[in-house]
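# Observations on the three-dimensional arrangement
Below, each chain spelled out in residue letters.
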Amino acid sequence: MELFLLSALARGAVYSLLALGFVLLQRVFGIWSLAQADLGMIAALLVAALTLTVGLPLGLGALAGLAVVVVAFVAVSWAPFRRDLVPGASLLLTIGLALAARGLAAATWGDLPLALGLFEVDEPPLAVPPRVAQLGLVVALAAGLIVCLQLFLRHTIVGRRLLGSRLTLGARSVTLGWAGLLAAAAGLLLTTISPLETAVGTSALFPALAGVLVGGNGSLRGAVGGSLLVAVWEGSVAVLWPSLAGVSVLALLLGALLLMPVGLLGRLPAR
Amino acid sequence: MRSKTPYLVLLAGVAWGLPAWGVAAEPLLVLARLLALAVAALGLGIFVGWAGGVSLAQAAMMGVGAYCTAWLMGAGWPLLLAASAGAVAAAGLALPVGLAVRRGSLALAVVTLGLAEAIVSVLGGIDGGSLAGGPLLEMPLLGLGPVVFSGPEAAYRGALAALLALVAWAWIWHRSPWGRLLPGPGSLFDGRGLAGTSWRSVWITFVLSCAFGALGGALEVYASGSPVGGGYGLERLALLLAAVIIGGPGSLVGSIAAAVGLGLLPLVVPSVAPYQAVMYGLLLAVALLYCPQGVASLRPFRWVSARVQGGRPR
């Protein structure tokens, strides 16, 4: 039971990171980015290359991978995002970029899936099972990142400006940096739940977006709450009715959209 | 300014007469598959361009049409009936899912993404090769007593006839009271999206576009022999989306021409075949950034188009 709950929480934590990146980009730039999940996949593959091929220690490789992906995301995103794309066009644009990234990853890395072995604990403290310790670490790291984002947005000048109406160049760069960091961290943490392959991001994309809509489109807290709810629902259905696992999130989302038009903590009107 | 219609009628006539000019079976089947792709792109183009919505389930709907058709033809149904049943099945799936359109473009896009994932995962567990129980091309396209149409020529002309019929039908739909409620071409790119439109007309357009997708899948599977498990995923979706944007959202002829051109690319240049996802993804992104109204809106193409129509380039 505790493993089931922890597993659902870990999955929900990863969905939350992706959902937060989506909402942040939506509120600051007014765009809908579907490329976040594949950005996470690229980060995870980069870390795999740095650790398994180059031979860097796992911690150092993870930090280097995160840094490279965040810097690359900020640099690459400037050109398309400064064009004041409307949401519908940005959605299509990011799908195109995500598919191109996935195709490139498949061509570069070839034989997958890989086992990254992130956060594997051989001798966990307090005599908890290794899997429980690993999932606990995933939840703790994701929660730490979410708290850091919340503190940044509430208690720093740049953070408070991010969600305001007048945005400086620096504030926009910081937003992109946060979105890249959230996506990259989600990709890395996802490797502890699913095997690392080029479709690893896709498996988390739909539940994360469902979390955004269930929680309330545009709400940062709603994104976290909705993602956790989606993960617990997904895990419960998979245990109770395994044959319905493939459509469980879709059914939840459709029900939520029809019964709660603005979601749990919705902010933005439907567009 | 002269109308483009006579040129298009002439082109359709030439296309119809191709088999009579001794074109071999293999090229005819390739053309039939490309025309089937164009049917699916046409459906998506109508939804994206006229209704201002984004559907990410079009490729999966092709899968629904393909698998239904293979299964029903294996049970003795002719292609015409089996493909119609596939289109009805796709429309049946799209009806409840399309209700998400009431909550806006993003909700519909996310829901169609989920639907596509669910469909692809279900179809992935079915052995498409054994569904029909024999070569589909030897089964009838249309069985009218002793008159039976089958084979490559029937596959090609069936796909062409379906495409022309759907173009005519879309033209009529756009001018119907329901079609006139749609926001029109370009609404996706000027930020209007679905705002201020009748959700029912957008909903019906979405359902119809899914049915078009299923028909495309049915026609394709007849020409190719059997449905391919992994062939209806995001790679195919990227091709369809790129065709719609490059062809010009809302342009029937543009969507068809772009789908045929993009589908032909890996056949003409086999070295790009392993990189189709990269190619279509980048083409989609570049087209959205530099010519969101389609390649025809670029200066050289505007000049050619104006010359064809007897006017002066703008």
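See the structure shown above.
Attention here is on the structure that accompanies the text. (Residues numbered from 1 in each chain as written. Chains lettered and ligands numbered in written order. Predicted model: local features only at pLDDT ≥ 70, side-chain atom pairs only at ≥ 80, totals over all residues. Heavy atoms only, no water.)

## Focus: the side chain of D38 of chain A
Residues and elements named next belong to chain A. Along the chain, D38 turns up in helix 2 (residues 36-54). Take D38: its relative accessible area is 2%, and that puts it in the buried class. A distance of 3.0 Å separates a polar atom in the side chain of D38 from a polar atom in the side chain of R102. Setting aside anything within four residues of it in sequence, one finds D38 in contact with A98, R102, T198 and T202. (Helix = DSSP H or I, 4+ residues; strand = E, 2+ residues; numbered from the N terminus. Buried < 20%, exposed > 50% of the residue type's maximum accessible area, 1.4 Å probe, protein only. Polar contact = N/O pair within 3.5 Å; in protein donor to acceptor, adjacent residues only side chain to side chain. Contact = heavy atoms within 4.5 Å.)

## Points about the packing of aromatic side chains
In the structure shown here, the tally under the stated rule is six aromatic pairs over all chains. Arranged with centres 5.6 Å apart and planes meeting at 45°, the rings of F152 of chain A and W178 of chain A form a pair that is tilted. Residue F152 of chain A is found in helix 5 (residues 130-155), and its partner W178 of chain A is found in helix 7 (residues 169-190); the two are separated by 26 residues along the sequence. Exposure remark for W178 of chain A: the relative accessible area of 13% places this residue in the buried category. One cation-aromatic arrangement involves R102 of chain B over W199 of chain B; the distance from NZ or CZ to the ring centre is 4.7 Å. (Phe/Tyr/Trp six-rings, centres within 6.5 Å; stacked < 30°, edge-to-face > 60°. Lys NZ or Arg CZ within 6 Å of the ring centre and 35° of its normal.)

## Let's talk about the interface of chain B and chain A
By convention, interface size is frequently given as the accessible area that disappears when the constituent parts associate. On the side of chain A, 38 residues touch chain B, which itself brings 38 residues to the contact. Carbon and sulfur atoms supply 82% of the area buried between chain B and chain A, which totals about 3200 Å² over both sides. Our count for the chain B to chain A interface comes out at zero salt bridges. Summed over the shared surface of chain B and chain A, the result is one residue pair in polar contact (both at pLDDT 80 or more). Only helix 4 (79-98), helix 5 (105-124), helix 9 (234-247) and helix 11 (276-290) of chain B provide two or more residues apiece to the side of chain B that touches chain A. The element best represented in the side of chain B that touches chain A is helix 5 of chain B, accounting for 11 residues. Its residues assigned to classes, the side of chain B that touches chain A comprises 29 nonpolar, five polar and four charged. (Buried area = accessible area lost by both parts, 1.4 Å probe. Salt bridge = Lys/Arg side-chain N within 4 Å of Asp/Glu carboxyl O. Nonpolar A, V, L, I, M, F, W, Y, C, P; charged D, E, K, R; others polar.)

## Let's talk about the pattern of salt bridges
Counted by the stated rule, this structure contains three salt bridges over all chains. Across the salt bridge formed by R102 of chain A and D38 of chain A, the nearest N and O atoms sit 3.0 Å from each other. Taken together, the positions of R102 of chain A in helix 4 (residues 87-109) and D38 of chain A in helix 2 put the pair 64 residues apart, joining distant regions of the chain. With respect to class, R102 of chain A is no different from D38 of chain A; both count as buried. A salt bridge links R157 of chain B to E153 of chain B, with the shortest nitrogen-to-oxygen separation between them at 2.9 Å.

The values are spatial; any link to function lies outside them.
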